[in-house]
Amino acid sequence: MMTLYTKGLDDFREHLTLYVPLSIIFQSCIGSIAAMLIMMNSGRTFHFLDLTMVVIFAMAYNGSLYAQMKPKIIFNLFIATVLVHMTFIVINLLRLA
C-alpha cells in the first residue's frame, strides 16, 4: 500500500522537469503572501523572526533546485516550505482578525 507521500515522491521523480518550474512559482506566490501578511502585521513590533523563517525556507528550496540535489531532498524541502508558508499565513490572518 503506497502512502500519499510515496505516490507524490514517485510522481515528482518521474516528472521532475515539469514540477520544478511549477513548484518555484507556487512556493514563491505562497511565500510572497506570507511575507505580505507579516509586513501588514508589523506595526509597532516588527516580526523579524517570522519574515526570516519565510525567506530562509524559500531560499533553501530554491537553492536545492539550483544545486540539483536528489529529488527526495527537493520534494521534502518543498513540503516543508509550503507548510511553513501556510503556517505563517494562518498565524498572520488570525493576527489581522
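See the structure printed just above.
All values derive from a computational prediction rather than experimental measurement. (Residues numbered from 1 in each chain as written. Predicted model: local features only at pLDDT ≥ 70, side-chain atom pairs only at ≥ 80, totals over all residues. Heavy atoms only, no water.)

K.L.:
Which parts of the structure should I look at to understand the packing of aromatic side chains?
P.N.:
How two aromatic rings sit relative to each other is given by the distance of their centres and the angle of their planes. Inspection of every chain in the model, using the stated rule, returns 5 aromatic pairs. Ring centres of Phe 26 and Phe 78 lie 6.1 Å apart, and the angle between their planes is 55°; on these two criteria the pair is classed as tilted. Of this pair, Phe 26 sits in helix α2 (residues 16-40) while Phe 78 sits in helix α4 (residues 71-96), placing them 52 residues apart in sequence. Taken together, the aromatic side chains of Tyr 5, Phe 12, Tyr 19 and Phe 75 make up a single cluster linked through ring pairs. (Phe/Tyr/Trp six-rings, centres within 6.5 Å; stacked < 30°, edge-to-face > 60°. Helix = DSSP H or I, 4+ residues; strand = E, 2+ residues; numbered from the N terminus.)

K.L.:
Can you walk me through a nonpolar patch on the surface in this structure?
P.N.:
The grouping of Ile 33, Met 36, Met 40, Leu 93 and Leu 96 at the surface amounts to a nonpolar patch, some 460 Å² of accessible area in total. Breaking the nonpolar patch down by element, the ones donating at least two residues are α2 and α4. In terms of residues, the nonpolar patch owes the most to one element, α2, which gives 3 residues. Looking at the element boundaries, Met 36 is found in helix α2. (Patch = residues over 30% accessible without salt bridge, like charges linked within 9 Å, V, L, I, M, F, W, Y side chains within 5 Å. Areas by Shrake-Rupley, 256 points an atom, 1.4 Å probe, with all protein chains shown as cover. Salt bridge = Lys/Arg side-chain N within 4 Å of Asp/Glu carboxyl O.)

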